[in-house]
Amino acid sequence: MYQIRTYTHEDFKMLKSWWDAAGKNCPPPVMFSTDSTYIFEIEGVPALSVTAYLTNSKGLAILEHFVGNPELKGADRRNASAFFINLVYDTLNVLGYQYVLGFATNDKLVKRYEE
């Protein structure tokens, strides 16, 4: 069973451990919004996270800080990531955001979501 929920301040330690495991610098806590940082859970276990920065225009939202649980690997990670990003995109669309711009430093992730 999948669930998407918003970030709480208690999630920061977990997200930092994911960033550390990826060998990347974790954004500071103030960069994770309790309104628009999403945590994707698989059977109650946090698996992925992304932050949507919501602009004033309602036309554009910006996705950053996509990170995942290091225990989620291979095809399971790819499939969950695609499902999660589509859920976030649909959520932003319902909120009135027509365009979603994503930033990523992982080359594989960039290629997967270029369109």
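Calculation notes
- Residues numbered from 1 in each chain as written.
- Predicted model: local features only at pLDDT ≥ 70, side-chain atom pairs only at ≥ 80, totals over all residues.
- Heavy atoms only, no water.
- Helix = DSSP H or I, 4+ residues; strand = E, 2+ residues; numbered from the N terminus.
- Buried < 20%, exposed > 50% of the residue type's maximum accessible area, 1.4 Å probe, protein only.
- Core = buried A, V, L, I, M, F, W, Y, C linked by side-chain atoms within 4.5 Å.
- Contact = heavy atoms within 4.5 Å.

1. Digging into unusual backbone geometry
- Phi at Glu43 takes a positive value of approximately 50°, unusual for a residue other than glycine.
- Here Glu43 lies in the loop between strand S2 (37–42) and strand S3 (45–54).
- For His65, which is not glycine, the phi torsion reads 60° and is therefore positive.
- Considering the arrangement of structural elements, one finds His65 in strand S4 (residues 60–68).
- Its relative accessible area of 14% is what places His65 among the buried residues.

2. A word on the nonpolar core
- With 16 residues, the main nonpolar core has Leu48, Leu63, Phe84, Val88 and Leu92 as its most contacted residues.
- Among the elements of the structure, S2, S3, S4 and helix H2 (74–94) are those that each provide at least two residues to this core.
- Examining the composition of this core, we find that five residues originate from one element, H2, more than from any other.
- When residues no more than four places from it in sequence are discounted, the contact partners of Val88 are Ile4, Tyr38, Val50 and Leu63.
- Counting residues in hydrophobic clusters, the runner-up holds ten residues, among them Met14, Leu15, Trp18 and Phe32.

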